[in-house]
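Examining the three-dimensional arrangement
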Amino acid sequence: MNFENSLSFAQELDLRDPLKSYRDLFHIPKVNGRPALYFTGNSLGLQPKTARSFIEQEMKDWEMYAVEGHFKDSKRPWMYYHKFLKDSLAKLVGAKPIEVVSMNQLTVNLHLLMVSFYRPTERRFKIIAEAGAFPSDQYMFETQIKHHGLNPDDTLIELKPRQGEHNLRTEDILKTIAETGDELALVLLSGVQYYTGQLFDIKSITKKGQEVGAKVGWDLAHAMGNVPLSLHDWGVDFATWCSYKYLNSGPGNVSGVFVHERYAHDSNLPRFAGWWGQEESTRFQMTKGFKPMTGADGWQLSNVNVLSSAAHLASLEIFDKVGVNALREKSLLLTGYMEFLINELSGEENIFEIITPKDPESRGCQLSIFCHKNGKMLFDALSSEGVISDWREPNVIRVAPVPLYNTFEDVYHFARILKEHIQKM
Ligand SMILES: *Cc1c(COP(=O)(O)O)cnc(C)c1O
């Protein structure tokens, strides 16, 4: 599409947007009495208007039935609450329902999955990750490796972009995997890199890692609800994500995991267990002897945090309705429009550059703007005008136009405000 830098063009795109009605399903925060230009759905998604009534339903059932709410009388019996989330999650990651479950939080789940899928031996013990991974993931790697009595310096291989580049090339990732060969135990990367916004080639990387005999897992924190995924068909061993970023389920809300069907009946796979992972038929016999439920359910530890899962359910209902493919279609256009406007502004002076890949197939909706000068000043100026974006040291402004609730007009105004402040600089 040939984009134009004008308000009327942006408004025209909004008029023709088949998803335009979805914005109304969310509470848009206000700044200075006006709806914010909210571009931080990659950090905390907006509140679906239905979230409150879903939570209130559980408050009511708790009030009315107390412990009986686990079983029969409540609208959604708490005992089975995780099951109500399963089908929607499976659709979002391209999995079978047996391969997914919502539980815990993301970093907890990374640790639990490492217990099952990182099984270093004397020969095969190395892990490939990306350099500059999200700090929680870095701490997880470090402490897991030490837990096995190994030294992170000899164990963790961190992939870095080539000199002068910001993103990893797939060919370089595949080459490192091949070179590490039978020393490689695990590849664990983020699906979409939180800092650069790069979307990795999950399919090829998974295939290559498994070819050399390693397990391949994915941290999908920034990919879930952002880009279409086909974890089952890609043969991914395991994955985990959080629900409060693109999934709009509320601060700190429950994470989810994917474990490939090939492990569904493997009760010998090491794991840390809890009663909620125990076979349902014997869960309440309170006896010794852990027998995991089949599939991802067998990794659950604890009974469901129902109050917060209610908000998750409210949000997933919206994703069920809209479908991730329709979201992606709008997302390509919306992010493409933002990229076009930003590049027009940066012009010859090269004030900033977008370090997110230019190829739309190698990114989700986020753009990371690397400022060559005055970055923080620009960021603060944007904030004062009602733009909610985020700042990542040393000099990146991250903006994520989210197709569920952002408009082309939002994107236009973002660029207009950016322009005004550049002219003042
Ligand atoms: C957001 C994010 C986290 C956050 O972890 P929590 O356990 O949910 O606090 C971890 N890893 C990545 C890659 C993230 O983007």
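On a predicted model such as this, the values are computed, not experimentally measured, just so you know.

Looking at the packing of helix H11 (residues 324-346) against helix H13 (residues 408-424)
It is the contact of H11 with H13, at a shortest axis distance of 10 Å, that shows an interaxial angle of 15 degrees. By the criterion of interaxial angle, the relationship of H11 to H13 is roughly parallel. In the packing of H11 onto H13, the handedness of the crossing is right-handed. Of the residues in H13, those touching H11 at Lys330, Leu333, Leu334, Tyr337, Met338, Leu341, Ile342 and Leu345 are Phe408, Val411, Tyr412, Phe414, Ala415, Leu418, Lys419 and Ile422. Taken together, the residues of the contact of H11 with H13 break down into 14 nonpolar, no polar and two charged.

Some words on helix H10 (residues 306-322)
The terminal C-alpha atoms of H10 lie 24 Å apart, and with 17 residues this matches the ideal 24 Å at 1.5 Å per residue to within 8%. For H10, the buried fraction is high: twelve of the 17 residues fall into the buried class. Considered for burial, the residues of H10 that qualify are Val306, Ser309, Ala310, Ala311, His312, Leu313, Ala314, Ser315, Leu316, Ile318, Phe319 and Val322. As for H10, its buried residues are in contact with helix H2 (51-65), helix H3 (81-93), strand S4 (100-103) and H11.

Considering the site of the ligand
For the ligand, the full set of nearby residues is Leu106, Thr107, Phe134, Asp137, Asp219, Ala221, His222, Tyr244 and Lys245. Within the side chain of histidine 222, a nitrogen or oxygen atom sits 3.2 Å from an oxygen atom of the ligand. Contact distances for the ligand include 2.6 Å between an oxygen atom and a side-chain N or O atom of lysine 245. Bound to the protein, the ligand loses 85% of the 390 Å² it would expose on its own.

So, the nonpolar core
With 64 residues, the main nonpolar core has Trp218, Leu220, Trp241 and Leu404 as its most contacted residues. Of the residues forming this core, the biggest block, nine residues, is contributed by H10. Formed by 33 residues, the second largest nonpolar core is a distinct cluster that contains Leu345, Ile397, Phe408 and Tyr412.

Some thoughts on the UniProt feature "modified residue: N6-(pyridoxal phosphate)lysine" (unreviewed entry) in the protein chain
UniProt's entry tags Lys245 with the feature "modified residue: N6-(pyridoxal phosphate)lysine" (unreviewed entry), counted in the numbering of this structure. Looking at the secondary structure, you find lysine 245 in the loop between strand S9 (238-241) and strand S10 (255-259). Residue classification places lysine 245 among the buried positions, given a relative accessible area of 7%. In this structure, lysine 245 is in contact with Gly41, Asn42, Ser43, Leu44, Gly45, Ala221 and His222, ignoring residues within four places of it in sequence.

Section: a nonpolar patch on the surface
Where nonpolar side chains cluster on the molecular surface, the patch consists of Ile55, Met59, Trp62 and Leu307 and spans about 350 Å² of accessible area. Top contributing element to the nonpolar patch by residue count: H2, with three residues. Examined against the element boundaries, leucine 307 turns out to sit in helix H10.

Some words on helix H7 (residues 170-180)
Along H7, the positions that sit buried rather than exposed are Ile173, Thr176, Ile177 and Thr180. The buried residues of H7 all sit within an arc of 100 degrees when viewed along its axis, so they share a single face. Looking at H7, the residues exposed on the side facing more than 90 degrees away from the buried face are Lys175 and Glu179. Looking at the buried residues of H7, the elements they touch are strand S5 (126-130), strand S6 (156-159), strand S7 (184-190) and helix H8 (202-211).

Considerations on the sheet that holds S6
With mixed pairing, seven strands are arranged side by side in an open sheet as S4-S10-S9-S8-S7-S5-S6. The open sheet has two edge strands, S4 and S6, and neither has a second partner. The sheet shows a mean angle of 20 degrees between the axes of neighbouring strands, direction not considered. As paired strands, strand S8 (residues 215-219) and S9 are joined by three bridges and run parallel to one another. Considered in S9, the bridge of aspartate 219 is made with threonine 240.

Structural notes on the side chain of threonine 206
On the secondary structure map, threonine 206 appears in helix H8. Of note is the side chain of threonine 206, whose polar atom sits 3.1 Å from the side chain of tryptophan 218. Aside from chain neighbours lying at most four places away, what touches threonine 206 is Val216, Trp218, Trp234, Gly235 and Val236.

With respect to the pattern of salt bridges
Applying the stated rule across the entire model yields 25 salt bridges. Here glutamate 261 and lysine 96 are joined by a salt bridge, their closest N and O atoms 3.1 Å apart. Of this pair, glutamate 261 sits in the loop between S10 and H10 while lysine 96 sits in the loop between H3 and S4; the two residues are 165 residues apart in sequence, bridging distant segments of the chain. Glutamate 261 gets classed as partly exposed once you look at its relative accessible area, which sits at 30%. Accessibility expressed as a relative area gives 34% for lysine 96, which makes it partly exposed. Its salt-bridge partner being lysine 126, residue glutamate 183 comes within 2.9 Å of it at the nearest N-O pair. Residue glutamate 183 is found in the loop between H7 and S7, and its partner lysine 126 is found in strand S5; the two are separated by 57 residues along the sequence. Overall, glutamate 183 belongs to the partly exposed group, its relative accessible area being 24%.

Some details on the packing of helix H1 (residues 7-15) against H13
Contact geometry for H1 and H13: axes closest at 7 Å, N-to-C directions at 155 degrees. By the angle between their directions, the pair H1 and H13 is classed as roughly antiparallel. The element H1 and its partner H13 pack so that their crossing is right-handed. Judged by residue contacts, Leu7, Ala10, Gln11, Leu13 and Asp14 of H1 engage Phe408, Glu409, Tyr412 and His413 from H13. Residues of the contact of H1 with H13, tallied by class, amount to five nonpolar, two polar and two charged.

The rules behind these values
Residues numbered from 1 in each chain as written. Predicted model: local features only at pLDDT ≥ 70, side-chain atom pairs only at ≥ 80, totals over all residues. Heavy atoms only, no water. Axes fitted to C-alpha atoms, helices over the stretch in contact; angles between N-to-C directions. Helix = DSSP H or I, 4+ residues; strand = E, 2+ residues; numbered from the N terminus. Parallel < 35°, antiparallel > 145°, perpendicular 65-115°, else oblique. Left-handed = near helix turned anticlockwise from the far one by under 90°. Contact = heavy atoms within 4.5 Å. Nonpolar A, V, L, I, M, F, W, Y, C, P; charged D, E, K, R; others polar. Expected span 1.5 Å × (residues − 1). Buried < 20%, exposed > 50% of the residue type's maximum accessible area, 1.4 Å probe, protein only. Near = heavy atom within 4 Å. Polar contact = N/O pair within 3.5 Å; in protein donor to acceptor, adjacent residues only side chain to side chain. Areas by Shrake-Rupley, 256 points an atom, 1.4 Å probe, with all protein chains shown as cover. Core = buried A, V, L, I, M, F, W, Y, C linked by side-chain atoms within 4.5 Å. UniProt positions renumbered as here; feature names shortened; annotations may be inferred. Patch = residues over 30% accessible without salt bridge, like charges linked within 9 Å, V, L, I, M, F, W, Y side chains within 5 Å. Salt bridge = Lys/Arg side-chain N within 4 Å of Asp/Glu carboxyl O. Arc of directions from axis to C-beta. Pairing = 2+ DSSP bridges.

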